[in-house]
Amino acid sequence: MTPVLPVIVRDDVRDALARGGAVVALETTILSHGMPYPRNLAVARRVEAIVRDCGAVPATIAVMDGAIRVGLDDAALEHLATAGDVMKLSRADLPYAVAMQRTGATTVAATMICAHLAGIDVFATGGIGGVHRGAESSFDISADLHELARTPVAVVCAGAKALLDLPKTLEVLETLGVPVVTYGSDIFPAFWSRESGLRSPLRIDEPDALADFIVTARALGMTSGTLVAQPIPAEYEIDAASMRMRIDLAVSQAHREGVTGKAVTPWLLDRLFRLTDGASLDANVALVENNARLAARLALAIRARRPDAGRSRAD
Ligand code: PSU
Ligand code: MN
């Protein structure tokens, strides 16, 4: 017997999808494992408000007591931001959390899966997971990269953190055939810093052109996602050189303490937050907000390209 999949789509998200409106998916690992309380909760609420202000509907995604929720209420956001026992769910963990009726926050990979299930094709976040430094011996490569290769969702991010091995991350994305488009720059961004020093494989400067790209990829029958990297706003940038020492310190501490598996990314983020006296958090917040804005504009532009755009359902 096939169980009915418990996917609960919030009313406003369902309505928007039914009438061909713009919807932006948002992840929750950033909330439960990526930022400290109470800032995490404020950011989750604010990012939803930004998407709405831009004319799109936000759909923050998580698994709550085994139900895949697409669009959360405020009590759920608060629980994810404060409870200590929230799981971090990537692709492999998603069926476990649903079948065992657990509560978990979704990573980029799991959020893409749930967004696609619900019919959402644009997703905003901060940074994606990637190839970790030392991956040649640890084999630590985020499932986010493989998800981008197989699930047709556009992920708007600020690149990947320089605590990862960025050249190897771009190599893996190229190997997997994932389009990597930097918005408004020739250089791939490095999260807190506008430039990683690495050339972006592709560059696009307008949301309309981004939408053309995504619609074309779909018409070609491509079933992969698209990585859209937007550099952090210049006024919030932290200079790459000043981050490097702290990153090196955090990474070597993680190795010494034997941190492995899905604990690595949250551990490093928390360590860097403390090593920068919280300064890294302001930048993190600014870039997430900026990505939510671009994702909303992109979702609107994609919707405008639907064959039935401009007509109401009653036509
Ligand atoms: N990078 C960040 N902040 C984050 C994450 C990544 O700068 O919060 C989270 C995202 O949810 C991402 C996940 O999908 O960590 C990747 O974890 P892993 O490397 O274990 O796949
Ligand atoms: Mn990993």
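Okay, so let's go over this structure. Everything quoted here is computed from the prediction, not taken from an experiment. (Residues numbered from 1 in each chain as written. Chains lettered and ligands numbered in written order. Predicted model: local features only at pLDDT ≥ 70, side-chain atom pairs only at ≥ 80, totals over all residues. Heavy atoms only, no water.)

This paragraph deals with the pattern of salt bridges. The full count for this structure, using the stated rule, is 19 salt bridges. The salt bridge involving Glu147 is made with Arg91; its shortest N-O contact spans 2.6 Å. Here Glu147 is found in helix α8 (residues 143–150), whereas its partner Arg91 is found in the loop between β5 (87–89) and α5 (94–99), with 56 residues between them in sequence. By relative accessible area, which is 1% here, Glu147 ends up buried. (Salt bridge = Lys/Arg side-chain N within 4 Å of Asp/Glu carboxyl O. Helix = DSSP H or I, 4+ residues; strand = E, 2+ residues; numbered from the N terminus. Buried < 20%, exposed > 50% of the residue type's maximum accessible area, 1.4 Å probe, protein only.)

In the vicinity of ligand 1, 16 residues are found, and the nearest of them are Glu27, Lys88, Val108, Ser142 and Asp144. At a separation of 2.7 Å, an oxygen atom of ligand 1 approaches a polar side-chain atom of Lys88. One of the side-chain N or O atoms of Ser142 is found 2.7 Å from an oxygen atom in ligand 1. For ligand 1, the accessible surface in isolation is 470 Å², of which the surrounding protein chains cover 93%. Looking at the shell around ligand 1, the elements with two or more residues in it are α2 (29–32) and α12 (264–275). Here the residues of the shell around ligand 1 are counted per class, giving four nonpolar, eight polar and four charged. Domain assignment of the residues forming the shell around ligand 1 places at least three in each of domain 1 (1–120) and domain 2 (126–297). (Near = heavy atom within 4 Å. Polar contact = N/O pair within 3.5 Å; in protein donor to acceptor, adjacent residues only side chain to side chain. Areas by Shrake-Rupley, 256 points an atom, 1.4 Å probe, with all protein chains shown as cover. Nonpolar A, V, L, I, M, F, W, Y, C, P; charged D, E, K, R; others polar. Domains from an automatic or database assignment.)

On to the packing of aromatic side chains. Under the criterion given, the structure shown has one aromatic pair. Pairing Phe191 with Trp192 gives two aromatic rings, centres 5.2 Å apart and planes at 85°, and the pair type is edge-to-face. As far as the burial class goes, Phe191 and Trp192 line up, both buried. (Phe/Tyr/Trp six-rings, centres within 6.5 Å; stacked < 30°, edge-to-face > 60°.)

Backbone torsion omega between Tyr37 and Pro38 reads 5°, so that peptide bond is classified as cis. Residues other than glycine seldom take positive phi values, yet Asp65 does so here, at roughly 50°. Relative to the helices and strands, Asp65 resides in the loop between β3 (57–64) and β4 (67–70). Here the phi dihedral of Asp277 falls at roughly 55°; this positive angle occurs in a residue that is not glycine. Among the secondary structure elements, Asp277 is positioned in the loop between α12 and α13 (279–304).

This paragraph deals with helix α1 (residues 11–18). Those residues of α1 not exposed but buried are Val13, Ala16 and Leu17. Projected onto a plane normal to the axis of α1, the buried residues spread over an arc of 95° and lie on a single side. On its buried side, α1 packs onto β1 (7–9), β2 (23–26), β3, β4, α6 (108–118) and α13. Looking one or two residues beyond α1, the residue adopting positive phi is Gly20, at roughly 75°. (Arc of directions from axis to C-beta. Contact = heavy atoms within 4.5 Å.)

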